[in-house]
Amino acid sequence: MQLTVKTAIHLGLLALASTTFAADYNSPGDDKLYSQCLREASKLYEGGNEPSPVRGQNKLQAWCTCMWNETPDDFKGSLVKFSETAKGKSTNKVCEKHSNWSD
């Protein structure tokens, strides 16, 4: 019986931690880079319409929100192209984990 209670507590803490992580990102709203990311990624990759761990977002939206937040404020390029560069690969890994969307 105690094992079940401990398991439930751990699962609850895990869910809370993932919710907290997702809540840390600012909403990109109708930002042009974010909109461009949604368009480009949906054309290049499959599975983006599946639900993500982020409440209210599919995998595509969660990934682009993460990429938008993880790049510098003065970033002007394509978030999708950046994710495929040597410099962007570590950011891509973070965002794949955040959205539960990877190859």
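Heads up: the structure comes first, above all this text.
Presented here is an overview of the structure given in this document. (Residues numbered from 1 in each chain as written. Predicted model: local features only at pLDDT ≥ 70, side-chain atom pairs only at ≥ 80, totals over all residues. Heavy atoms only, no water.)

A closer look at the packing of aromatic side chains
Scanning the model with the defined rule gives three aromatic pairs in all. Ring geometry for Y45 and W101: centres 6.2 Å apart, planes at 90 degrees, overall edge-to-face. Of the two residues, Y45 is situated in the loop between α2 (32-44) and α3 (59-70) and W101 in the segment after α5 (89-99); the sequence distance between them amounts to 56 residues. A connected cluster of aromatic rings, assembled from ring pairs, spans Y45, W63 and W101. (Phe/Tyr/Trp six-rings, centres within 6.5 Å; stacked < 30°, edge-to-face > 60°. Helix = DSSP H or I, 4+ residues; strand = E, 2+ residues; numbered from the N terminus.)

A look at the packing of α2 against α3
The interhelical angle for the contact between α2 and α3, taken along N-to-C directions, is 135 degrees, at an axis separation of 9 Å. As far as their axial angle goes, α3 and α2 are oblique. With respect to the hand of their crossing, α2 and α3 are arranged in right-handed fashion. Of the residues in α3, those in contact with L33, Y34, C37, L38, A41 and S42 of α2 are L60, Q61, W63, C64, T65 and W68. (Axes fitted to C-alpha atoms, helices over the stretch in contact; angles between N-to-C directions. Parallel < 35°, antiparallel > 145°, perpendicular 65-115°, else oblique. Left-handed = near helix turned anticlockwise from the far one by under 90°. Contact = heavy atoms within 4.5 Å.)

By themselves these figures say nothing about function.
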